[in-house]
Amino acid sequence: MKKVVLISRKSGQTDSFMTAVKLAFDKGELAFDVQLALHPSNYKEVIENFAPEFAIISPEMIVWQAEVEKYLKEKNLPYIVAKGSHFGTRQVAKIFDLVK
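Predicted, not measured: the structure shown is a model, and the values here were computed from it.

Enquirer: Hey, could you run me through a nonpolar patch on the surface in this one?
Expert: A contiguous nonpolar surface patch, about 320 Å² in accessible area, is contributed by Ile62, Val63 and Trp64. Looking at the element boundaries, Val63 is found in the loop between β3 (54–57) and α3 (65–74).

Enquirer: How do you make sense of unusual backbone geometry when you look at a structure like this?
Expert: Most peptide bonds take the trans configuration, and most residues that are not glycine carry a negative phi. Note that the residue after His39, namely Pro40, is joined by a cis bond; omega there is 0°. Along the chain, Pro40 falls in the loop between β2 (32–38) and α2 (43–50). You will see that Asn76, though not glycine, has its phi angle at about 55°, which is positive. By the secondary structure assignment, Asn76 is in the loop between α3 and β4 (79–81). Taking relative accessible area as the criterion, Asn76 reaches 68% and is therefore assigned exposed. With a phi close to 60°, Arg90 is a non-glycine residue in the positive phi region.

What counts and how
- Residues numbered from 1 in each chain as written.
- Predicted model: local features only at pLDDT ≥ 70, side-chain atom pairs only at ≥ 80, totals over all residues.
- Heavy atoms only, no water.
- Patch = residues over 30% accessible without salt bridge, like charges linked within 9 Å, V, L, I, M, F, W, Y side chains within 5 Å.
- Areas by Shrake-Rupley, 256 points an atom, 1.4 Å probe, with all protein chains shown as cover.
- Salt bridge = Lys/Arg side-chain N within 4 Å of Asp/Glu carboxyl O.
- Helix = DSSP H or I, 4+ residues; strand = E, 2+ residues; numbered from the N terminus.
- Buried < 20%, exposed > 50% of the residue type's maximum accessible area, 1.4 Å probe, protein only.

What is shown is where atoms sit, not what they do.
See the structure below:
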C-alpha cells in the first residue's frame, strides 16, 4: 500500500477532509495509507517518521506553499497541490486519482 502524506493546517475543513479519507478507506475505495501532517507544528517530523512515497499539499497551504514545496523537493518527494474545489467538497477520489 502506497504511503501518502497530506500536508495541511489545523482547521475544520482539514478535519472534514480527513474524515472523508477515512470513510473512503473503510469502504475499500482508497488503497493508500494516508497520514496527516500539520503545518507548521509537525509536518517535517511526520514526513521523517512516516516516510511517505507521495505528498498532497492542501489548498489551505497557499501562504506557505513555496516553503513546503522547497522542503519536498529537497526530500525528492513527489507531490501535488489539491484543488480547492475538490478539497473543500471532500472529493477524495478526484484528489487521490492524481497520486502517482
